[in-house]
Amino acid sequence: RSGRIELVVASKAGIFALERAGSAAIPTAVVARAAYAADAQYEAALLAVLREYDIQAVVLAGYMRIVSPCVVEAYRGRILNIHPADTKLHQGLHGYGWAFESKRPATIITVHLVDDGLDTGPILAQREVDLRGADTLAEVERRGLAVEHELYPEALKTFLLNHG
């Protein structure tokens with residue numbers, strides 16, 4: 001495969017990623033969890049959309065849910081996530097808040113494969129973010145996101161060259 005974006009899936013309509021994808025002529029889909037009575041129905045709908053487009057790798061960005069075992073199994077070794085902390089030190093939500101509140105001099109942005117645990121998958125890439133002098137959570141987030149926006153595409157390119 002070419003490594004190009006084949007589909008952008010969102011959990012709700014009206015988000016910027018859908019607008020940006022649409023303006024780049026990339027197909028989009030909304031699979032809203034709230035539209036389904038049970039998690040299993042939502043996951044089946046999500047997998048159906050991914051299969052319809054013959055998606056080979058899933059790249060999570062702003063996906064604030066735990067990826068279900070059935071989705072992990074369907075795409076094992078092919079789901080990438082970015083996390084705003086060293087996954088060996090902090091898993092789950094609020095990585096920037098954790099770094100700010102614990103007054104860390106740096107945090108480490110981590111790109112990893114998704115496995116059955118919470119932010120426990122194999123690490124693909126990491127990059128340190130200097131937090132010295134960052135006196136607000138907003139500043140920590142600004143610095144971290146600048147690194148995320150560089151590291152994630154680099155890690156994805158390397159992953160696709162080696163596994164695509």
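Quick caveat: nothing in here was measured; it's all calculated off a predicted structure. (Residues numbered from 1 in each chain as written. Predicted model: local features only at pLDDT ≥ 70, side-chain atom pairs only at ≥ 80, totals over all residues. Heavy atoms only, no water.)

Participant: An account of the sheet that holds strand β5 (residues 106-113) is requested, with residue identities and associated values reported.
Facilitator: Ordered in space as β3-β4-β5-β6, the four strands form an open sheet in which the pairing is mixed. The open sheet is flanked by β3 (58-59) and β6 (123-130), the only strands paired with a single partner. Relative to β5, strand β4 (residues 79-83) is paired through four bridges, and the arrangement is antiparallel. Pairing of His-83 across the sheet is with Thr-110, part of β5. Together, β3, β4, β5 and β6 form the strand contacts of helix α5 (residues 137-163), whose direction differs from that of β6 by roughly 160°. (Pairing = 2+ DSSP bridges. Helix = DSSP H or I, 4+ residues; strand = E, 2+ residues; numbered from the N terminus. Contact = heavy atoms within 4.5 Å. Axes fitted to C-alpha atoms, helices over the stretch in contact; angles between N-to-C directions.)

Participant: Describe the environment of Tyr-63, naming the residues involved and giving the relevant values.
Facilitator: Locating Tyr-63 in the fold gives a position in the loop between β3 and α3 (69-74). Separated by 54 residues in the primary sequence, Tyr-63 and Val-9 place their C-alpha atoms 10 Å from one another. Apart from residues no more than four positions distant in its own chain, Tyr-63 is found in contact with Tyr-42 and Leu-46. One polar contact links Tyr-63 to Tyr-42, side chain to side chain, over a distance of 3.0 Å. (Polar contact = N/O pair within 3.5 Å; in protein donor to acceptor, adjacent residues only side chain to side chain.)

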